[in-house]
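So the chains spell out like this:
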Amino acid sequence: MSRTRELPRAYVPADFEGAIYERWLEADVFAPDGKGSRADDTKPPFVIIQPPPNITGALHLGHALTSTLEDLMIRHARMTGRPTLWLPGLDHASIAAQYVLDRIIAAEGETREGLGREGYLERMWQFINTTREVMLGQQRRMGASLDWTRLRFTMDEGSSRAVRTAFARLYREDLAYRTETLVNWCPGCRTSVSDLEVLPTEERGTLWTIRYHLIDPRSGEPRTDAWLSVATTRPETILGDTAVAVHPSDARYAALVGRTVRIPFVERDVPIIADDSVDPAFGTGAVKVTPAHDKTDHETGKRHDLPMLTVLADDATINEIGVGYAGLDRYAARAAIVRDLDARGDLESERPHEMLIGRCQRSNDVIEPRLKTQWFVRTAPLAAAALAATRDGRTSVVPPRFEKVWEHWMTSIHDWNVSRQLWWGHRIPAWYCPDGHVTVSELEGGPATCAGCERPASELTQDPDIFDTWFSSGLWPFSTLGWPDATEDLRRYYPGTVLETGYDIIFFWVARMMMLGIHLTGDIPFRTVYLHGLVKDPLGKRMSKTKGNVVDPLEAIAESGADALRFALVHGTSPGNDQKFRSERLDDGRNFANKLWNATRFVLGARPATVPVEAVRLSPDPLHSGPAERWIQSRVAAAIEAVDHGMAELQFAEVTRTLYEAIWSEFCDWGLELAKVRLADSSLSQAEREATWWTLVEALDRYLRLLHPVMPFVTEELWASLPHAPQDPEHLIVAAWPARGQRDEGVETEVAGIIDLVRALRNARAEAGIEAAAWLPVDVVVPAARMATFSSMGRAVERLARARPLTHHANRDGAASGAGLEVVAGELEARITTIGDATLPERERGRLEKELAEATTLLAAARDRLANESFLARAPSAVVAGAREREAELAEMVHRLRARLGA
RNA sequence: GGGCGGUUAGCUCAGUUGGUUAGAGCACAUGCUUGACAUGCAUGAGGCCACUGGUUCGAGUCCAGUACCGCCCACCA
C-alpha cells in the first residue's frame, strides 16, 4: 500500500500540525499499552518523568523546552521498539496558586477570609478547571506524545492517599516531627516557607548603633553615664532582645560579661553574655540578641537558655509585648523607635549598610524569622541515602558537574519545614486531642480514636495546615503509578529511566524525590537526571512578564510551526547550560522544515515513469548504482551513527546539527544535484535510473525517521507521502528507528574529490568574474585510480560546474596548456582552457599569488615540523606520515602555482 | 565568604581521548527568475580561540594564576 500523493507547493505548518496530532491520538500510539503501540515487551521500558507544570501558569519557553526534550527522548525510544511511558500531569502548586487566586479575587473585591476556607477552595477548583485545559492544550500543541490515559494531578485521590501514607510512615519512623522553632515567615502569604523559598537579595539598608545602659548593681537602675553600644539593622527587634553578646576573648568587654543592661522602651534588664558567634570586628563587637527573630540569635539563645520573646504578629505588626509600638507595622515601628532612641540620646550613629535581605520567592515580601509550631521532615538520614545513590552511580546526573552542588547540599541539609499555613493543598493528616496527644493517620476519614488516650474522633481536631507543595511533588514518580499499592504499573515502570527538568529545581524537586523515593519504595526513583538550562532572552536576561521580554510559545508556533520551535530549542540546548533565545532561530527551523518539504516534493516528482505511483518500496539495486548512490548511502550511514551517538549521550543539539548538515549540505546540495543528472541521463539504463531514485527515497526515509523525534509533524506528513515497505506501519511515530548501515570510506573519499573539483571550478569562475551562465571548456588531469569514478560522474561535473566540453587526460603530458584558469582540487587538477581572453586577467593573477603565498607559508611550517628531530622521534608514526604527505602535497601545489605564474 | 559555569568570526554557538589549514547558522559582500525550495542557489570576506605563565615534539583543547560576565550556596548583627 502506498500513500503517494501530491504535496502542496508551500510548506505551511498550520495546515497539518493539528490534524497530525489528532491522527496520532486516534491511532492510540502514545500509551505503552495503546492499541497502536508497536512496543516490544521483551525490551526494557523507557520511562520519562516530567516535572508536572503548575496548574496556574501559562506555558512559557521553559515548558516548551521541557516538553520538546522529553518528547524527543520518548519518540526515539518508541521508535527503537521499547515500551515507553511518559506520564502527563499537573501540579496544584499550593502557594503559587493561592497567590494567583488571591489577586484574582482581590480584583473582584473579595478576600480569602471573606470567602472562608470552604468557599475559597471551591473557588480554586473552579479556577483550575479553566486553566488545566489551557495547560494541557499547550502541551498537545507542542506535539508532546504523552500518555493521556494516565493523566494525573497532585491533588487527585491517588496523590492524596500517597501523601497521607508517606507522611504517616515518616511519622511512625520518627522521620517527621512537630516542634516550635524559628521558621521563615512570610507576612504577605501568612505562612512559613522553606529555606529554599527565601531569596537573599542585596539591598541597601541602615546600620544603627544604639546604646543599652548598664545597670548599676547597687541601685538596680540604669546608669546614665555607662552603656554598651550595639549595632543593628532592625531596631524594631530590640523589643524582643533578651541578651547582649560579646566574643569571649574580646578584652574590651571581658569585664562586662555577667553584668546587665536595660533594653529601652520595654524596660527589660538582660544579661551580657559571651558567645563565639560574635564577630569582634563587626560593628561595636557587641550584639543584641533577639532569639525569637533571628537565626543566629536563636542559636545563641538556645545555648544560653535565654527567653525567646516573639514581638511580631502574623501580619508583621508589633504585638502587645512591644508596648507603645503595639499595632504598628514593622517598618513604622522601626522608624518610630529610631526617632525615640534619638530623642532620648541613645542613638549613637546611623550609616548606610549593604546587606542581604531574605525575600519570599512568591510574594517578594521581606521574610521575618519567627517562632512557630510546625511539622518537619528529618532529612539527614534521607539525604544520606540519596547521596549514596549518586555516589555509587545508581543514579547519574547529566551534566556531572551538578553532582558537586548535589553533594554539598545533601551534606549540609537542614530539616525540611513541610507545613504551610495555607488552604490549597493536602491537609496534614495529624489530629490533636485536648490532652495534647498527636495522632497521625493515613486513613482517608482520619483516625477513629486518639492514639494517646483513646478519645473518639469527634473530640479530635485536625491540624489546619497543609503540606508544602513539594511534598506531594516529591512522591510524583511513584504516586502516579499507584503507590502505595503494589500495582503492575509500579512494578513495570519504576524506577523511571530519565528524569528531565531544569537545574533550577534540583533541590526543590529532584532532591526531594530522591530522598522520599528511596526511603518509601526502597529503590531509586530514576536512573538518570538530565538537567537542562534556562531559556533566556537575547541579552541573557531571565524572561519575565514584568520585563516584557517573554516569547509566547503559542505565538511562535502560530508563526513558524511547532516543529520550528522545537528545532530552535533543541538546536540551542546543551545539558545544564542556559541558552539565549532569539527569534531568528525560529526562522532557521522553519526554513529547514521547508527545505525538507521541497526536497521531498522533488523526489516524489522525479519518480521515473517506469516506477508505478503505487509502487511498494524497493531497496536501490546495488548492481545498477553508481558512486553517487553509494556516496549517499554511506553518508546516510554516517548520519545514523552520529545521531545514535548524540541520542545515547543526551547531546541533543548534536543530533540537530548532524541532521541539518546531512540533509541540507549533503543530501540536498549534492545528493539531489548529482541525482538530477543521472535521472535525466538517457544514456543510462532504466534500471540505473530507478536505482538512483530508490536511493533518494531510501535516504529520505532514513532522514525523516532520524529527524522525527525533533520535528515530528513535518516528518510525519512527508513520510506519509513516500512509498513504504510492506512492514512499515501506518504512522512514522511508530516506525522503526534506522539500523546502522555500512560506511564506504573509499567512495566517500572519491566523491568528495569530485565535489572538491566542482567547487574549485566554481570558485575560479566566480573569482575571474566569468558570467554565471556561461559554459566553458574544461580539461581535467585524472590519475588512473580516480578514473572510474570520474568517468561515471563526468556528466555531473559538466552540469554542476558548467564545464562543456569536459575533456580529460591520464597525465599532464597530454593535457591542455597555455592560457586559461588552472584549478587544483586534491588529486584532480583542471584547466578552464578558454576564458575568452588569452591573457591571464589581473584578478586571476592576484588570486594565484595569494594562493601561492599561503601555500608557501604552510609548506615552510610543514618542513619545519619534519626537520624537528623530537617530532619525528616522539609523534605517532601515523601523524608523521600524515605530515610527510602534507609536505609533498604542498610542495607540488607550490610548484604548479609557480609554473602558472611564471608562464 | 565558599563553589560552579562562561569568555572561540559582528551576533548565537560547535569544537569528540592534545595531532595537519579552528567550523556552522544568522548577519555581511558579489553574482544568480539554473523547472524541489528566493523560507532558495553559488561564491566570498571575516578569528592573537579573554589574558599571563607552565607541561609537551605539538595546546582552542591539559595544569596554575589573573581579569571580566553569569549562577548557586552561606547565621557578619
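Residues numbered from 1 in each chain as written. Chains lettered and ligands numbered in written order. Predicted model: local features only at pLDDT ≥ 70, side-chain atom pairs only at ≥ 80, totals over all residues. Heavy atoms only, no water.

1. Things to note about the overall build of chain A
Then, number 1: A tally of helices and strands in chain A yields 25 helices and 29 strands.
Then, number 2: The globule rule puts the C-alpha radius of gyration for 903 residues at 29 Å, and the 37 Å found for chain A is more than 25% above it.
Then, number 3: Across the 903 residues in chain A, those meeting the buried criterion constitute 55%.
Then, number 4: Nonlocal contacts in chain A, meaning residues at least 24 apart in sequence, comprise 77% of its contacts between residues at least 6 apart.
Then, number 5: Looking at chain A as shown, the accessible area adds up to about 38300 Å², and 51% of this sits on carbon and sulfur atoms.
Then, number 6: Looking at chain A, you have 105 positive and 128 negative side-chain charges, and the mean spots of the two groups are 3 Å apart. (Helix = DSSP H or I, 4+ residues; strand = E, 2+ residues; numbered from the N terminus. Rg over C-alpha atoms; globule rule 2.2 N^0.38 Å. Buried < 20%, exposed > 50% of the residue type's maximum accessible area, 1.4 Å probe, protein only. Contact = heavy atoms within 4.5 Å. Areas by Shrake-Rupley, 256 points an atom, 1.4 Å probe, with all protein chains shown as cover. Lys, Arg positive; Asp, Glu negative; His and termini not counted. Charge placed at Lys NZ, Arg CZ, Asp CG, Glu CD.)

2. Topic: the nonpolar core
Then, number 1: Among the nonpolar cores identified, the biggest contains 141 residues, and L565, F581, F652, F667, Y703, L757 and L761 are the most heavily contacted of them.
Then, number 2: It is helix α18 (residues 652–679) that contributes the most residues to this core, 13 residues altogether.
Then, number 3: Sequence-distant contacts of Y703, that is, excluding residues within four places in its chain, are made with R635, V636, A639, L659, A662, I663 and F667.
Then, number 4: Residues A386, V440, W476 and I524 belong to the second largest nonpolar core, which totals 60 residues. (Core = buried A, V, L, I, M, F, W, Y, C linked by side-chain atoms within 4.5 Å.)

3. Some remarks on the pattern of salt bridges
Then, number 1: Within the structure shown, the criterion is met by 66 salt bridges.
Then, number 2: Taking the shortest distance from any N to any O, the salt bridge between R152 and D156 comes out at 2.8 Å. Taken individually, R152 and D156 each receive the classification buried, so the pair is uniform in this respect.
Then, number 3: In this structure, K676 engages E673 in a salt bridge whose closest nitrogen and oxygen atoms are separated by 2.9 Å. Taken together, the residues span about one helical turn, with K676 and E673 both in helix α18 at a distance of 3 residues. (Salt bridge = Lys/Arg side-chain N within 4 Å of Asp/Glu carboxyl O.)

4. Notes on the protein's contact with RNA strand B
Then, number 1: Taken together, the neighbourhood of RNA strand B is formed by 52 residues, with N594, K595, W664, R874 and R886 sitting nearest.
Then, number 2: Atoms of RNA strand B within 4 Å of the protein belong to the sugar or the phosphate in 60% of instances, the rest to bases.
Then, number 3: Contacts to RNA strand B include F282, whose backbone N or O atom sits 2.8 Å from a base nitrogen.
Then, number 4: Take C668: an N or O atom from its main chain is 3.4 Å from a base nitrogen of RNA strand B. (Near = heavy atom within 4 Å. Polar contact = N/O pair within 3.5 Å; in protein donor to acceptor, adjacent residues only side chain to side chain.)

5. With respect to the environment of G741
Then, number 1: Here G741 shows up in the loop between α20 (712–719) and α21 (745–767).
Then, number 2: Residue classification places G741 among the partly exposed residues on the basis of a relative accessible area of 37%.

6. Points about the environment of L565
Then, number 1: One can find L565 in helix α15 (residues 562–571).
Then, number 2: Through-space distance from the C-alpha of L565 to that of F471 is 33 Å; in sequence the pair is 94 residues apart.
Then, number 3: Ignoring any residue separated from it by four or fewer positions in sequence, one finds L565 in contact with L61, A64, M142, P553, A556, I557, F581 and L586.

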